[in-house]
Amino acid sequence: MAEFPSKVNTETGSSNAQTSQQGGNSLRGLASNVTVRMDMTFIQSIPAILMMVEIVMGLLHWALIASAPYTALPVYGWVMFVAVALWILTTILFFMIVFGAQEKITFVPWPLTVMGYNGIATLLYVTAFLANAASVHPFRGTYFHGHFGAAAFFAAVVTVAYGASAFFSYLDWKGDGGNAATNSVPT
């Protein structure tokens, strides 16, 4: 059996000598308190499935437009802005919810925030879908006509998914018990 070391440091605080021995890694103490936990019940829920549909179909939407000469019509600048911005934000929101960031950031009213995000995303995607669908015709007869037509279809799918997410977010917000008067009345 290995012999117990003759010199053991039992300090709970870090001194300058100890920090210099560790190479000055100040993140080591921060990382020891971080636990990563995935919320598997969320992944199996309808809102998570809708978010995954928004992410995958949104990626297809903007990738189809990006693979074509979309700068020929200025309206596709708006479509790309909406598609890429909401794709990035939805991906970030999805991973924040999956890894439980809403439990760590308690000052944010999450049900209201998610409902507002989904409502605004629905309105923005309606405008992007209409702009995309109305602007397919100028590319008729070209190789890229199918790209813009398929992008309009995926925009419609993403718009419906955001609308459904807004509905379920509204139900979550209303079921949250946000009214303090109804929660404080004794029964």
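Residues numbered from 1 in each chain as written. Predicted model: local features only at pLDDT ≥ 70, side-chain atom pairs only at ≥ 80, totals over all residues. Heavy atoms only, no water.

Below, the discussion takes up the overall build of the protein. Each helix and strand counted, the protein has nine helices and zero strands in total. In the protein, the succession of helices and strands from N to C terminus is α-α-α-α-α-α-α-α-α. Sorting the 187 residues of the protein into buried and exposed places 28% on the buried side. Taking contacts inside the protein between residues at least 6 apart in sequence as the whole, the part at least 24 apart equals 77%. (Helix = DSSP H or I, 4+ residues; strand = E, 2+ residues; numbered from the N terminus. Buried < 20%, exposed > 50% of the residue type's maximum accessible area, 1.4 Å probe, protein only. Contact = heavy atoms within 4.5 Å.)

This paragraph deals with the nonpolar core. The nonpolar side chains of a soluble globular protein tend to be buried with one another. Counting residues in each nonpolar core, the largest one holds 20 residues, and the members touching the most others are F42, L86, L93, F94, Y125 and Y162. Those elements giving two or more residues to this core turn out to be α4 (46-66), α5 (75-98), α7 (110-134) and α8 (145-174). For this core, the element with the highest residue contribution is α5, accounting for seven residues. When neighbours within four sequence positions are excluded, Y125 is seen to be in contact with G58, H61, V82, A83, L86, A155, V158, T159 and Y162. Counting 13 residues, the second-largest nonpolar core is a separate cluster that includes L64, A131, V136 and F148. (Core = buried A, V, L, I, M, F, W, Y, C linked by side-chain atoms within 4.5 Å.)

Attention shifts here to α5. For α5, with 24 residues, the first-to-last C-alpha span of 35 Å sits near the 34 Å given by 1.5 Å per residue. Every buried residue of α5 is listed here: Y76, V79, M80, V82, A83, L86, T90, T91, L93, F94, I97 and V98. Check the buried side of α5 and you find it contacts α3 (40-43), α4, α6 (101-104), α7 and α8. (Expected span 1.5 Å × (residues − 1).)

The subject of this paragraph is the packing of α5 against α7. Two elements in contact, α5 and α7, have axes whose closest approach is 9 Å; the angle formed by their N-to-C orientations is 155 degrees. It follows that α5 is roughly antiparallel to α7 by the angle criterion. As α5 runs across α7, the sense of the crossing is left-handed. Residues V75, Y76, W78, V79, V82, A83, L86, L89, T90, L93, M96 and I97 of α5 pack against W110, V114, Y117, A121, L124, Y125, T127, A128, A131 and N132 of α7. (Axes fitted to C-alpha atoms, helices over the stretch in contact; angles between N-to-C directions. Parallel < 35°, antiparallel > 145°, perpendicular 65-115°, else oblique. Left-handed = near helix turned anticlockwise from the far one by under 90°.)

With that settled, consider the confidence of the model for the protein. Taken as a whole, the protein shows an average pLDDT of 82; of its residues, 75% reach a score of 70 or greater. This model gives residues 17-23 a pLDDT under 50, and the stretch forms five contacts once residues within four places in sequence are excluded. Long-range and interchain partners of residues 182-187, a stretch whose pLDDT sits below 50, account for one contact in this model, where long-range means more than four residues apart. (pLDDT = per-residue confidence, 0-100.)

Another point: α4. Along its 21 residues, α4 runs 30 Å from first to last C-alpha, staying within 8% of the 30 Å computed at 1.5 Å per residue. Looking only at α4, the buried set comprises A48, L50, M51, E54, I55, G58, H61, L64 and I65.

Attention now moves to the packing of aromatic side chains. For the structure on display, the rule yields eleven aromatic pairs. Both rings, one in W78 and one in F81, keep their centres 5.8 Å apart while their planes meet at 35 degrees; by these two values the pair is tilted. In this pair, W78 and F81 are both assigned in helix α5, three residues apart and thus about one turn of the helix distant. For W78, a relative accessible area of 35% corresponds to the partly exposed category. For F81, a relative accessible area of 52% translates into the label exposed. Here the aromatic rings of F167 and F168 are separated by 5.5 Å at their centres, their planes lie at 70 degrees, and the arrangement is edge-to-face. By relative accessible area, F167 is classed as partly exposed at 47%. (Phe/Tyr/Trp six-rings, centres within 6.5 Å; stacked < 30°, edge-to-face > 60°.)

The geometry of α4 relative to α5 is characterised by a closest axis approach of 9 Å and an angle of 150 degrees between their N-to-C directions. Judged on the interaxial angle alone, α5 and α4 are roughly antiparallel. Regarding α4 and α5, the two cross each other, and that crossing is left-handed. On α5, the residues that touch A48, M51, M52, E54, I55, G58, L59, H61, W62, I65 and A66 of α4 are Y76, V79, M80, A83, V84, W87, T90, T91, L93, F94 and I97. The residue inventory of the contact of α4 with α5, partitioned by class, reads 17 nonpolar, four polar and one charged. (Nonpolar A, V, L, I, M, F, W, Y, C, P; charged D, E, K, R; others polar.)

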